[in-house]
Amino acid sequence: ARQKSSGLLYLSVTGAQFEQVVRYESSSKPKAVNYGWPNADGPLHKEALPRDYSSPDYMYDHGEGRGLALCGGDFYEPSKAGAEAFPSAYSGRFFFTDYGGWIASIDPAAPAVRNDFATGINRPIDVAIAPDGALWYIERAGIQGGSDEANSASEDGRLWRVYWTGSSDSSDALVEKSSAGDLPSGLPYLGSGELPATVLATGVFVDSDLKPTESFLPYSLNSPAWADGADVQHWLALPQSGKVVLTESGALEWPGGTVFVQHFDIVTDKQEGKRRKIETRLLVLDSTGEFGYGATYRWRHDGSDADLVDAAGEEELLEIVGESGALQNQKWTYPSRGLCYMCHTPQSGFVLGAKAHQLNRVHAYSEGDARNQLNAWSRLGIFAEELKEGVIDELPRSCRVDDLAAPLEERVKSYLDVNCASCHRPGGSGALWDARFETPLEEQGILGGDVRNTFGIEGGKIVTPGDVGKSLLHSRLASTSIVEQMPPLTRNVVDEEALEIIREWILAVGHENK
């Protein structure tokens, strides 16, 4: 790629271990340049410098999992920049793709620092800057591998256009358009370090009162996950041409580019009912719909906006006025970006809460307008095929753990599904039981199931029917020790109500088995 303004020429060198971006000054008098290959691959150690050697402007080791093969690149120099062009801070930067699935950029004036722009891409082989300032890149069809069979395994190659939707003083409101579908306008595109600094900058909400933009649809779950006593709201947005597929097994397949929003409020004064906005999380699916990224935003005390949580995560000590008027301190954990992938795994389907058995319920869209969500979605054309009469009635339906109208076993299974099944499932974290709601109890391996660590409980099992003291399921839900508690992440408060219901169930199954 050649930088028109300076004549700088950047070449991509794919080595045995290192990928390198090397320079040549085409505007200067021609001269011989030696980039060292094959005697030099990456940083020089004791190699003798070849004559006319020129060190790379930027290099990275793909052997450490940082890439696969450096492909095409282009300088950001739009000739007729329009309203959708990137801000001036991007001018002159060199964008390049790696076959492993990402796009990054460097500044030729300080090329040692790489800014990641987008990840989770399927084999990007080239990138180009259009005259209007949009960035285009090509996803190659096929699958990883490199053989003729792998390269011809599919015909899903795509041409993508990335353009700017933010204001001139913002640096992160990127949105992606695809020949196969569009992301809702104003949403951030996946890119490490390039997430919007505040939740209002993402375009999810119109204002700090949590009024969603038109792209977002509210939804609710039959069995909410325990969130340390906080109340949770949900929204989602689909790509403009994306459709949800309900499979024969009753699973939901989400289109690439779907965005899920989870918001947490907590009562800070239980005497007066005062509430506070705490946290908003985003989950954005990549082009495959099977993976993606998450981001966490921490609301300011005045509720005016929420700031992007550091990639390493954060903690806060909340002050809660209890029902007796006593002041209590409660730790709240804002998860790190990498922590998202501990639960949102390919094995779990990546999308956790929005399952068919969770969504099969009545949702109040407004006063006087309460409808079954799946039926409403079908009428809105959200599904690839309209759900036929009677299909929804045949789908399973989970329930709240405190729903006294539901059977005790279903209440417990629903609770374990939403709080545990991301790991406790076939192909999961190596756990010895299956927490999924659709798995029959007798096949879950819970009753009398072996455990790897009894934590000093002699004869302890996952659940020992009739014996709460020897049931590790109960003791680990009751613990707040980081080495013992379950779930292990972001939980700082015991769900006492659920714990009592699970105790009741353990005793009940013991009576049934006599």
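Residues numbered from 1 in each chain as written. Predicted model: local features only at pLDDT ≥ 70, side-chain atom pairs only at ≥ 80, totals over all residues. Heavy atoms only, no water.

Points about the overall build of the chain
Here's step 1: Along its length, the chain carries 8 helices and 24 strands.
Here's step 2: The buried share of the chain, taken over its 514 residues, is 48%. (Helix = DSSP H or I, 4+ residues; strand = E, 2+ residues; numbered from the N terminus. Buried < 20%, exposed > 50% of the residue type's maximum accessible area, 1.4 Å probe, protein only.)

A closer look at the nonpolar core
Here's step 1: If you look at the biggest cluster of nonpolar residues, it comprises 24 residues, and the most contacted ones within it are L416, W433, L473 and W505.
Here's step 2: Contributions of two or more residues to this core are made by α6 (408-420), α7 (472-477) and α8 (496-512).
Here's step 3: The biggest single contributor to this core is α8, with 7 residues.
Here's step 4: Those residues in contact with W433 that sit more than four places away from it in its chain are L416, C420, H424, R425, Q444, G445, I446, I462 and L473.
Here's step 5: Among the nonpolar cores identified, the runner-up in size contains 23 residues, and L283, F350, I392 and L395 belong to it. (Core = buried A, V, L, I, M, F, W, Y, C linked by side-chain atoms within 4.5 Å. Contact = heavy atoms within 4.5 Å.)

Let's talk about a nonpolar patch on the surface
Here's step 1: A grouping of I125, I138 and L159 is seen on the molecular surface, where their side chains present a nonpolar patch of about 210 Å² in accessible area.
Here's step 2: Structurally, I125 is set in strand β8 (residues 124-129). (Patch = residues over 30% accessible without salt bridge, like charges linked within 9 Å, V, L, I, M, F, W, Y side chains within 5 Å. Areas by Shrake-Rupley, 256 points an atom, 1.4 Å probe, with all protein chains shown as cover. Salt bridge = Lys/Arg side-chain N within 4 Å of Asp/Glu carboxyl O.)

Brief notes about the packing of α6 against α8
Here's step 1: Where α6 meets α8, the axes come as close as 10 Å, and the angle between the chain directions of the two elements is 130°. When the axes of α6 and α8 are compared, the pair comes out oblique. Judged by the sense of rotation from one axis to the other, the crossing of α6 with α8 is left-handed. Here L408, E409, R411, V412 and Y415 of α6 come into contact with α8, specifically with A498, I501, I502, E504, W505 and A508. (Axes fitted to C-alpha atoms, helices over the stretch in contact; angles between N-to-C directions. Parallel < 35°, antiparallel > 145°, perpendicular 65-115°, else oblique. Left-handed = near helix turned anticlockwise from the far one by under 90°.)

What about the sheet that holds strand β7 (residues 110-119)?
Here's step 1: The sheet built from 4 strands is open, its strands ordered β4-β5-β6-β7 with antiparallel pairing. Because the sheet does not close on itself, it has two edges, and the strands there are β4 (70-75) and β7. Each strand of the sheet is rotated relative to its neighbour by a mean of 25°, with strand direction disregarded.
Here's step 2: Where strand β6 (residues 102-107) and β7 come together, 6 bridges link them in antiparallel fashion. Bridge pairing in β7 links S105 to N115. (Pairing = 2+ DSSP bridges.)

Some thoughts on the sheet that holds strand β3 (residues 58-61)
Within a beta sheet, neighbouring strands are joined by backbone hydrogen bonds and run either parallel or antiparallel to one another.
Here's step 1: One open sheet holds the 3 strands; their spatial order is β1-β2-β3, and the pairing between them is antiparallel. Each of the sheet's edge strands pairs with one partner strand only, and the pair in question is β1 (8-14) and β3. The sheet shows a mean angle of 15° between the axes of neighbouring strands, taken without regard to direction.
Here's step 2: Bridging between β1 and strand β2 (residues 18-25) involves 7 bridges; their strand directions are antiparallel. Residue L8 lies in a different strand from β2, and its bridge partner there is E25.

What to know about unusual backbone geometry
Here's step 1: Backbone torsion omega between M486 and P487 reads -10°, so that peptide bond is classified as cis.
Here's step 2: Here P487 lies in the loop between α7 and α8.
Here's step 3: Here R123, not a glycine, exhibits a phi torsion of approximately 50°, which is positive.
Here's step 4: With respect to the element layout, R123 can be found in the loop between β7 and β8.
Here's step 5: Not every positive phi belongs to a glycine, and L210 is a case in point at roughly 70°.
Here's step 6: A residue is classified by how much of its surface remains accessible, and L210, at 9% relative accessible area, is buried.

Overview of the pairing of strand β10 (residues 158-164)
Here's step 1: The element β10 is largely enclosed, with a buried count of 5 among its 7 residues.
Here's step 2: Summarising the sheet, strand β9 (residues 135-139) and β10 pair through 5 bridges and their orientation is antiparallel. Following the sheet pairing, Y137 is matched in β10 by W160.

Examining the confidence of the model for the chain
Here's step 1: Per-residue pLDDT for the chain averages 85, and the proportion of residues at 70 or more is 90%.
Here's step 2: Low confidence marks residues 167-193, where pLDDT is under 50. Its contacts with residues over four positions away, or in another chain, come to 94 contacts. (pLDDT = per-residue confidence, 0-100.)

Details of the packing of aromatic side chains
Here's step 1: Using the criterion set out here, one finds 24 aromatic pairs in the structure.
Here's step 2: Between F96 and W102, the aromatic rings sit 6.0 Å apart at their centres with planes inclined by 75°, giving edge-to-face as the arrangement.
Here's step 3: Feature note: the residues Y10, Y58, Y60, F75, F94, F96 and W102 constitute an aromatic cluster, connected by ring pairs.
Here's step 4: The ring of Y60 has R114 sitting right over it, with the charged end atom 5.6 Å from the ring centre.
Here's step 5: Sitting above the plane of the F437 ring, K413 keeps its charged end 5.8 Å from the centroid. (Phe/Tyr/Trp six-rings, centres within 6.5 Å; stacked < 30°, edge-to-face > 60°. Lys NZ or Arg CZ within 6 Å of the ring centre and 35° of its normal.)

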